[in-house]
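Chain by chain, the residues:
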Amino acid sequence: MPWGGAVLRSVLAAREPHLFKPGTFEAVAALIGCVLFVSLTRSDCVAQTTAAWITIAAVFIIRIASITFGVETKALRDFEEEWKERLEKRD
């Protein structure tokens, strides 16, 4: 999913972007992938194309593992009650 487009669409539609909601490791996996790619390319230990494939594989594995094992991000403590209220209103 192209994050920039999804976030922009949600903002223009006056909705909260899915990226900011607690749930599966979508944003965390993307952040880890960014850090991994930059680290690999800056260290000159692998070619840029190889670093890209390693990053793609790592992000894919993180996402599949988070879905398989049910690992999810949580809301910040200060916002936990607010999230519960919002979820109750949606149902």
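Here, the structure is the one placed above.
Residues numbered from 1 in each chain as written. Predicted model: local features only at pLDDT ≥ 70, side-chain atom pairs only at ≥ 80, totals over all residues. Heavy atoms only, no water.

Side note on the packing of helix H2 (residues 26-42) against helix H3 (residues 48-68)
Working note: a packed helix pair is described by the angle between its axes plus the distance between those axes.
Piece 1. Remark: H2 packs on H3, axes separated minimally by 9 Å, with the N-to-C direction vectors making an angle of 155 degrees. Taken together, H2 and H3 sit at an angle that is classed as roughly antiparallel. Our pair here, H2 against H3, has a crossing hand that is right-handed. From H2, Glu 26, Ala 29, Ile 32, Gly 33, Leu 36, Phe 37, Leu 40 and Thr 41 reach across to H3, where they touch Gln 48, Ala 51, Ala 52, Ile 54, Thr 55, Ala 58, Val 59, Ile 62 and Arg 63.
Piece 2. For the contact of H2 with H3, the per-class residue count stands at 11 nonpolar, four polar and two charged. (Axes fitted to C-alpha atoms, helices over the stretch in contact; angles between N-to-C directions. Helix = DSSP H or I, 4+ residues; strand = E, 2+ residues; numbered from the N terminus. Parallel < 35°, antiparallel > 145°, perpendicular 65-115°, else oblique. Left-handed = near helix turned anticlockwise from the far one by under 90°. Contact = heavy atoms within 4.5 Å. Nonpolar A, V, L, I, M, F, W, Y, C, P; charged D, E, K, R; others polar.)

Remarks on the environment of Thr 24
Piece 1. Summarising the element assignment, Thr 24 is placed in the loop between helix H1 (3-12) and H2.
Piece 2. Among residues more than four places away in sequence, those in contact with Thr 24 are Arg 63, Ile 67, Val 71, Glu 72 and Thr 73.

A few points about H2
Piece 1. In this model, H2 (17 residues) spans 24 Å end to end at C-alpha, consistent with the 24 Å of a helix rising 1.5 Å per residue.
Piece 2. Regarding H2, the residues found buried are Glu 26, Ala 29, Gly 33 and Leu 40. The buried residues of H2 all sit within an arc of 65 degrees when viewed along its axis, so they share a single face. Counted as exposed and oriented over 90 degrees from the buried face of H2: Leu 31, Cys 34 and Arg 42. (Expected span 1.5 Å × (residues − 1). Buried < 20%, exposed > 50% of the residue type's maximum accessible area, 1.4 Å probe, protein only. Arc of directions from axis to C-beta.)

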